[in-house]
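Inside the fold
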Number of protein chains: 2
Amino acid sequence: MAESHLNRQASSISYTYDNLTGWRRLRPLRLFRGMYHDVRRRLPYYWSDIRDALTYRTIASTIRMYFVNILPAIAYTLDMYRRTGEFYGINEALFSSALAAMIFSLLGAQPLTIVGITGLISLFNYTIYDIVIQYRPAIYPNFMCWTAIWAAVFHWIVAVCNLCDYMRYVTDFSSESFGAYVGIIYCIKGVEELVNEFTEHGSTAGFMSCMIAILYFLTIYSLEMLGSSTICRPWFRGLLADYAYVIGTIFWVGFSHIPGNLKSTQISFVPTSRAFYPTQPRGWLIHFWELDMKWVFAALPFGFLVMLLFYYDHNVSSLTAQARQFPLKKPAGFHWDFFLLGCTTFLAGMTGIPMPNGLVPQAPVHTDSLTIYETELCLVGTEEGEGVELRRPIVKATAVVEQRVSHFLMGLAIIGTMTGPLLIVLHTMPAAVFAGVFFIVGWGSIESNGMLQKTIFLLRENRFIQRDEPLLRVKRRKILLYISCQAIGVAACVAISQTIAAIGFPILIIALIPFRVWTIPKWFSQEELDILDDLTANNTAVLASLGGPPRFPNAKEQHYGLERSYSEHRRGSYRQRAGSIHR
Amino acid sequence: MAESHLNRQASSISYTYDNLTGWRRLRPLRLFRGMYHDVRRRLPYYWSDIRDALTYRTIASTIRMYFVNILPAIAYTLDMYRRTGEFYGINEALFSSALAAMIFSLLGAQPLTIVGITGLISLFNYTIYDIVIQYRPAIYPNFMCWTAIWAAVFHWIVAVCNLCDYMRYVTDFSSESFGAYVGIIYCIKGVEELVNEFTEHGSTAGFMSCMIAILYFLTIYSLEMLGSSTICRPWFRGLLADYAYVIGTIFWVGFSHIPGNLKSTQISFVPTSRAFYPTQPRGWLIHFWELDMKWVFAALPFGFLVMLLFYYDHNVSSLTAQARQFPLKKPAGFHWDFFLLGCTTFLAGMTGIPMPNGLVPQAPVHTDSLTIYETELCLVGTEEGEGVELRRPIVKATAVVEQRVSHFLMGLAIIGTMTGPLLIVLHTMPAAVFAGVFFIVGWGSIESNGMLQKTIFLLRENRFIQRDEPLLRVKRRKILLYISCQAIGVAACVAISQTIAAIGFPILIIALIPFRVWTIPKWFSQEELDILDDLTANNTAVLASLGGPPRFPNAKEQHYGLERSYSEHRRGSYRQRAGSIHR
């Protein structure tokens, strides 16, 4: 078959630095090597990326991703709109999402990675606004444009110099911390959205919004719980899991328009403006040449921080979109995609739209929506006698419809949303629903987080824990130390996000990687880390693009992820709820 | 030991009609026989009822029951107050609860059965109000008094003629239906309470009340879920289970008084009036002699219906308070207690307070709060190899602190609440919290209901059901037929409750008993009924007071409750959440 031939070909031209000597070992000197291999490895699959898309899953995936991508994007834009002097509005957000979807679905090496507007770029944009208005508010658009230009330059340098390779050192230690941080920020944003209702529209709107947000959260949460239960037929559960957001959003948007007390309450809706025009009275091209030279260079460190943020955020979302639990066959391409991200960053700067990048909580949802799950029956014989074997459902991911059409169609749908009639539909959506979106995505990221899982393990009564649970082999105080290290990182990031120093948080997050590589092994034995930690990049197809598996200093034989593989053995792989980073 | 001597003595003077002949077999001719045996059986335990109370459980039980009794009582009174022209207020409700607690804790044969104000008597009172005001509104107090007098007379007749014996024919078929009906009525009341906020105090109060009610529900629900999990130490879980209502109520009452948007919103609070005085300007004695003779006799059928309601409601709550899962040692006394209930009904009528009776959803909570649970570890060896046996928590009820002191102390606490200072505290409680109480108690009754459990069984994917599940031996359409019969009964009761014919619903509920005895066996085989149904009265100590186990017509050997005993074998007994009737 052609595919197996391609597989062999891909593995023969392996991208590695392992057996090289002299200057050839130095990544920054081997310009374009990663990008070249990425394209060479991935290009032969391009036609199959279109051909493989002819299944129902592509449609389900397109609809689900449209909601999961656009709802948080709009949610963040509501926040960003208020806090950047109404510079970034809905049109900018939709344009940015559409641009990213078009470029990455057509040209990306990893079309599974959904790119769009994240909470962190919103945080970045309004923090820079807070800084700039202290000097000259008028230069904000140009300053953001130069920030993007510098960021794009740094992106291209990173891509060309093969620096994405270091992403292979990312383990669950830092990516769980990042997940918890993102989840907490989401929940804080949800509360801020509700507080805004109180201050802008008064108590009635505030309380009604609280009610809608809570009930929206409960609706989606219950539908997704039902979708992953053993109630009803598998096809029906599948429908619930695929369309939970669609059902919940349509219902609660409709609810807010029921005539009577609900309709007559003045709550806030998505603010829209003239279709295809920027929110502010300006052209789509930012006049970047009008900025003073001193401000151009003042933008340089901001650009570097944006690159740092995207380096971690975008690549981690690519990693989780291609995580081990998905049986992926097509190879990854981190260097090429990071180069493309530089291009979209550049274009975003030029047009004055928020810079898109990989969506951390939502990235694995796309792959999940394309995965064919089968709930298998696992019979565990017991010693209680005949006919009383235990029946346990094990969810198996049997295949993934790896293609780029769903990503492309989702982009088309976003472009459709930019037109006048659909903007009117968008305007009917109350801000309260978006507060609910924040809660459900944020809580999903916290609930499934390894930090919380380990905390629950510590809290559980020892006698009810299965004896073959790997965590039992680690001392309790060591587990506590491990999650404390993570928690301190999270707390530091959350704290800094609430100040004007918020733009510095990527440094904190990135610092967790060398901390894990050099400091953590001094406090934990290799056996303990094998259980507590796991490589975030652990798919062979993924590691091929990152120069092979990582080698940690002083580490002998490594068997990472014992805890995760134990859990998978017992319960099967988890369906990916929007927002849950791991499992 | 004295106790075992008493046990032997109790069994030797067994109350039965089985081996008697001629007129001696006819219950109504053997006046006072049941009451005599009840007292003779129970009286020797009186001293131990006080002596046994010297444990911590008595304190925990007193506090828990105070909240579980008084919160729904006040909740119903809010409803009754509005719908009876403000005749029944908080003072009447507290007086009635205190009176019942004093009489039944001091004189009752079954001090575990908590007696108080139920939703059904509230429904009765306002339906009679709706009927009476069509003729002469002024006679309502006197008419209610005569209704109570007639009801009391019927109570005494039933008790003296040993008619409570027929309660032994009550099976889960009718008591589950009743539980579902009560649960639905509770939830409807909760919604009505919130709707009232909208109409009386406007949208802001309405939405804030909705928010508080939902969050109150979620708080109690989560605390009780946590209390029955394997998280944390057993003593801590015990605290959560004991004080979930206390924690939740104090928190959300405090929440509603936080200065700012919450405090400034005009929501409604518990309406209180001068301590120890009736709500209306009247004396505590109803001038019943001032009623026209035609109205006196018009009250007779209403009194009969009250008796029918209490016959079912009070006795079922005694049955569930002494259900099989509780390892009770002291004998029951249905006839004596029903006689006492006639007395309280009479006193309630004379003083113009709501007639108290056994609280169906809360009755088993009292016994539960007195039960010493131990979560045991059940090891199930598997064929997977060594060290991987399954560890399952099994909750065992090891003993019940059977005494009458907690009931008495709870009564004292209610009398304390009637004083001025505590009435002021009561006045700080928003009505929204009571809507939450309705939801949590109502949902508890629905969630644990056998009807819902069987529906979930039918919906579950067959291959994940354990093979030894008894329900698998019944044809699916038979299960469907069974729950349909129950559902029709529930639907009829709920429907009639919304009309002026509401007072007729006890007839419907009682009719389910003969329907179960004569019609159901024609549609189901004995084997099917053994699995689907279970005796509600199944404790030997209970059946002793009802003249021994029931004998259904045409039934051979009976093994009721296979499904329940299967579930208990696998999972242990459930802790009784407020509102869950069965398990």
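These figures come from a predicted structure and were not determined experimentally.

Cut-offs and rules
- Counting starts from 1 at the beginning of each chain's written sequence and moves along it residue by residue.
- Chains and ligands are labelled by the order in which they are written, letters from A for the one and numbers from 1 for the other.
- Reporting in this predicted model follows two pLDDT cut-offs: at least 70 for local features of residues, and 80 or more for side-chain atom pairs to be given and counted; totals over whole chains, interfaces and linings ignore these cut-offs and use all residues.
- Note that water and hydrogens are dropped before the side-chain values are worked out from all heavy atoms of the structure.
- Only DSSP runs of H or I covering at least 4 residues are called helices, and only runs of E covering at least 2 are called strands; the numbering of each starts at the N terminus.
- Contacts were defined at the residue level, with two residues in contact if any of their heavy atoms lie within 4.5 Å.
- The method behind every accessible area is Shrake-Rupley, applied with a 1.4 Å probe, and residues are considered shielded solely by the protein chains displayed.
- Residues scored as positive are Lys and Arg, those scored as negative are Asp and Glu, and His as well as the terminal groups of each chain are ignored.
- Note on charges: their place is set at NZ of Lys, CZ of Arg, CG of Asp or CD of Glu.
- The term buried area means the drop in 1.4 Å probe accessible area that two parts suffer when joined, counted for both and summed.
- Salt bridge, as applied in this entry: a Lys or Arg side-chain nitrogen positioned within 4 Å of an Asp or Glu carboxyl oxygen.
- Pairing of N or O atoms within 3.5 Å defines a polar contact, subject to two protein rules: one partner must be a possible hydrogen donor and the other a possible acceptor, and residues neighboring in sequence count only if both atoms are side-chain atoms.
- Under the grouping applied here, Gly and all other residues not named as nonpolar or charged are polar, the nonpolar ones being Ala, Val, Leu, Ile, Met, Phe, Trp, Tyr, Cys and Pro and the charged ones Asp, Glu, Lys and Arg.
- Classification of residues uses two cut-offs on accessible area relative to the type maximum, computed with a 1.4 Å probe and protein chains only: under 20% is buried, over 50% is exposed, and between them is partly exposed.
- UniProt positions are given in the numbering used here, feature names are shortened, and annotations may be inferred rather than shown by experiment.
- Scored between 0 and 100, pLDDT is the confidence that the predictor attaches to each residue.
- As used in this record, nonpolar core signifies buried Ala, Val, Leu, Ile, Met, Phe, Trp, Tyr and Cys residues forming a set joined through side-chain atoms within 4.5 Å.
- The copies were overlaid by least squares, fitting only the C-alpha atoms of residues that reach a pLDDT of 70 or more in each copy.
- To get an axis, fit a line to the C-alpha atoms, keeping to the stretch in contact for a helix; angles then go from 0 to 180 degrees between the N-to-C directions.
- Roughly parallel covers angles under 35 degrees, roughly antiparallel covers those over 145, roughly perpendicular covers 65 to 115, and oblique covers all other angles.
- We call a crossing left-handed when the near helix sits turned anticlockwise from the far one by less than a right angle, and right-handed when that turn is clockwise.
- Patch membership is restricted to residues that have no salt bridge and whose relative accessible area is over 30%. Joining uses 9 Å for like charges and 5 Å for the nonpolar side chains Val, Leu, Ile, Met, Phe, Trp and Tyr.
- The definition used for a disulfide is geometric: two cysteine sulfur atoms within 2.5 Å.
- A pair of aromatic rings is counted whenever rings of Phe, Tyr or Trp (Trp by its six-membered ring) have centres within 6.5 Å, and the orientation is called stacked for planes under 30 degrees apart, edge-to-face for over 60 and tilted otherwise.

Remarks on the overall build of chain A
Of regular secondary structure, chain A possesses 22 helices and four strands. Taken along the three principal axes of its C-alpha coordinates, chain A extends 70 × 65 × 50 Å. Considering only contacts within chain A whose residues lie at least 6 apart along the sequence, 84% involve residues at least 24 apart. Carbon and sulfur atoms form 67% of the exposed surface of chain A, whose accessible area is close to 21800 Å². The averaged location of the 42 negative side-chain charges in chain A is 4 Å from the averaged location of its 49 positive side-chain charges.

Brief notes about the interface of chain B and chain A
Counting residues at the interface gives 46 residues for chain B and 46 residues for chain A. For the chain B and chain A pair, buried surface summed over both sides reaches about 4200 Å², with 58% attributable to carbon and sulfur atoms. Of all residues in chain B, B:Phe207, B:Arg391 and B:Phe464 give up the largest surface area on contact with chain A, accounting jointly for 17% of the area buried on that side. Applying the counting rule to chain B against chain A returns two salt bridges. Where chain B packs against chain A, one counts 15 residue pairs in polar contact (both at pLDDT 80 or more). At the level of elements, helix H8 (172-227), helix H9 (234-255), helix H10 (261-264), strand S3 (371-380), strand S4 (390-400) and helix H17 (450-459) of chain B are the ones that each hand at least two residues to the side of chain B that touches chain A. A class-by-class count of the residues in the side of chain B that touches chain A yields 21 nonpolar, 10 polar and 15 charged.

Some points on helix H13 (residues 363-370) of chain B
Residue and element names in this part refer to chain B. Counting buried residues along H13, eight of its eight residues qualify, which places the element largely inside the surrounding structure. Every buried residue belonging to H13 is among Ala363, Pro364, Val365, His366, Thr367, Asp368, Ser369 and Leu370, and all of these are buried. In this structure, the buried side of H13 is in contact with helix H4 (56-83), helix H11 (293-321), S3, S4 and helix H14 (405-417).

A word on the UniProt feature "domain: Bicarbonate transporter-like transmembrane" (unreviewed entry) in chain A
The UniProt entry lists residues 30-201 and 206-535 of chain A under the feature "domain: Bicarbonate transporter-like transmembrane" (unreviewed entry), expressed in the numbering used here. Secondary structure content for residues 30-201 of chain A is 74% helix and 1% strand, while the C-alpha to C-alpha distance between its ends is 58 Å.

Concerning the confidence of the model for chain A
Residues and elements named next belong to chain A. Per-residue pLDDT for chain A has a mean of 88; in total, 93% of the residues score no lower than 70. Below pLDDT 50 for its whole length, residues 1-12 participates in nine contacts with residues either more than four positions away or in separate chains. Low confidence marks residues 578-583, where pLDDT is under 50. Its contacts with residues over four positions away, or in another chain, come to 39 contacts. Under the prediction, the complex receives an ipTM of 0.88, its pTM being 0.91.

So, the nonpolar core
Generally speaking, nonpolar side chains in soluble globular proteins are found buried as a group. Membership of the largest hydrophobic core comes to 332 residues, with the highest contact counts inside it found for A:Tyr181 and B:Tyr181. Membership of the second largest hydrophobic core comes to 10 residues, among which are A:Leu112, A:Leu328, A:Val395 and A:Val401.

Re the relation of the copies chain B and chain A
Between chain B and chain A, the superposition needs a rotation of 180 degrees and an axial shift of 0.0 Å, giving an RMSD of 0.0 Å. Here the two chains are linked by the operation of a two-fold rotation axis. Mapped onto chain A, 100% of the interface residues of chain B again fall at the interface, so both copies present the same surface.

Some thoughts on the packing of helix H4 (residues 56-83) of chain A against helix H9 (residues 234-255) of chain A
Residue and element names in this part refer to chain A. Viewed as axis vectors pointing N to C, H4 and H9 meet at an angle of 40 degrees, and their least axial separation amounts to 10 Å. With respect to H9, the element H4 is oriented oblique. The two elements H4 and H9 cross, and the hand of that crossing is left-handed. Contacts from Tyr56, Arg57, Ala60, Ile63, Arg64, Phe67, Val68 and Leu71 of H4 reach H9 at Leu239, Ala241, Asp242, Tyr243, Tyr245, Val246 and Thr249. Residue composition of the contact of H4 with H9, grouped by class: 11 nonpolar, one polar and three charged.

Some remarks on a nonpolar patch on the surface
Residue and element names in this part refer to chain A. Among the surface-exposed residues, Tyr56, Ile59, Ile63, Trp235, Phe236 and Leu239 lie close enough to one another that they form a single nonpolar patch of about 580 Å² accessible area. Elements with a contribution of two residues or more to the nonpolar patch: H4 and H9. Note on placement: Ile59 falls in helix H4.

Here's the deal with the environment of A:Pro137
Residue and element names in this part refer to chain A. Relative to the assigned elements, Pro137 resides in the loop between helix H6 (119-132) and helix H7 (140-160). Accessibility expressed as a relative area gives 46% for Pro137, which makes it partly exposed. Separated by 52 residues in the primary sequence, Pro137 and Gly85 place their C-alpha atoms 9.3 Å from one another.

Observations regarding the packing of helix H2 (residues 33-42) of chain A against helix H12 (residues 334-351) of chain A
Residue and element names in this part refer to chain A. Remark: H2 packs on H12, axes separated minimally by 7 Å, with the N-to-C direction vectors making an angle of 105 degrees. The orientation of H2 with respect to H12, classified from their angle, is roughly perpendicular. In this structure, H2 uses Gly34, Met35, Asp38 and Val39 to contact H12, whose residues at the interface are Phe334, His335, Trp336 and Phe339. Here the residues of the contact of H2 with H12 are counted per class, giving five nonpolar, two polar and one charged.

Here's the deal with the state of the cysteines
If you walk through the whole model with that rule in mind, you get zero disulfides over all chains. Left unpaired, A:Cys343 is separated from the closest cysteine sulfur, that of A:Cys164, by 13 Å. Judged by its relative accessible area of 22%, A:Cys343 is partly exposed. Of all cysteine sulfurs in the structure, the one in B:Cys485 sits closest to B:Cys493, which takes part in no disulfide; the separation is 14 Å. Note on B:Cys493: relative accessible area 1%, which makes it buried.

Topic: the side chain of B:Asn196
All names here are of chain B. Along the polypeptide, Asn196 turns up in helix H8. Asn196 sits in the buried class, given a relative accessible area of 11%. Beyond its immediate sequence surroundings of up to four residues, Asn196 is in contact with Arg82 and His201.

So, unusual backbone geometry
All names here are of chain A. Backbone geometry places Glu86, a non-glycine residue, at a positive phi of 60 degrees. Of note in this structure, Asn162 is not a glycine but carries a positive phi near 60 degrees. Judged by relative accessible area, Asn162 falls into the buried class, the value being 0%.

Some details on the packing of aromatic side chains
All names here are of chain B. A full pass over the atoms with the stated rule returns 72 aromatic pairs over all chains. A centroid spacing of 4.9 Å and a plane angle of 80 degrees characterise the contact between Phe87 and Tyr88, whose relative ring orientation is edge-to-face. With respect to burial, Phe87 and Tyr88 carry one shared label: buried. Between Phe154 and Phe304 the ring centres are 5.2 Å apart and the planes differ by 80 degrees, which places this aromatic pair in the edge-to-face class. One end of the pair, Phe154, is in helix H7 (residues 140-160); the other, Phe304, is in helix H11, with 150 residues separating them in the sequence.

Describing the pattern of salt bridges
All names here are of chain A. By the definition in use, this model includes 47 salt bridges over all chains. Of the charged contacts, one joins Asp368 and Arg64 as a salt bridge, the two residues approaching to 3.0 Å between their closest N and O atoms. Taken together, the residues Asp368 in helix H13 (residues 363-370) and Arg64 in helix H4 connect sequence positions 304 residues apart. Judged on exposure class, the residue Asp368 and its partner Arg64 are both buried. Residue Lys478 pairs with Glu528 through a salt bridge whose shortest N-O separation is 3.1 Å. Linking Lys478 in helix H18 (residues 476-497) with Glu528 in helix H20 (residues 526-532), this pair joins segments that are 50 residues apart in sequence. With a relative accessible area of 9%, Glu528 lands in the buried category. One connected set of salt bridges, linked through shared partners, spans Arg42, Asp49, Arg51, Asp52, Lys330 and Arg404.

Focus: the side chain of A:Thr371
All names here are of chain A. Examined against the element boundaries, Thr371 turns out to sit in strand S3 (residues 371-380). On the basis of relative accessibility, which here comes to 1%, the residue Thr371 falls in the buried class. A distance of 2.6 Å separates the side chain of Thr371 from the backbone oxygen of Thr367, its partner in a polar contact. Not counting residues up to four positions away in its chain, the partners in contact with Thr371 are Arg57, Phe326, Ala397, Ala399 and Val400.

Thoughts on the environment of A:Lys478
All names here are of chain A. A residue is classified by how much of its surface remains accessible, and Lys478, at 13% relative accessible area, is buried. Between the C-alpha atoms of Lys478 and Ser525, which are 47 residues apart in sequence, the distance is 9.9 Å. With residues up to four places along the chain from it excluded, the contact list for Lys478 reads Trp523, Phe524 and Glu528. A polar atom in the side chain of Lys478 sits 3.1 Å from the side chain of Glu528.

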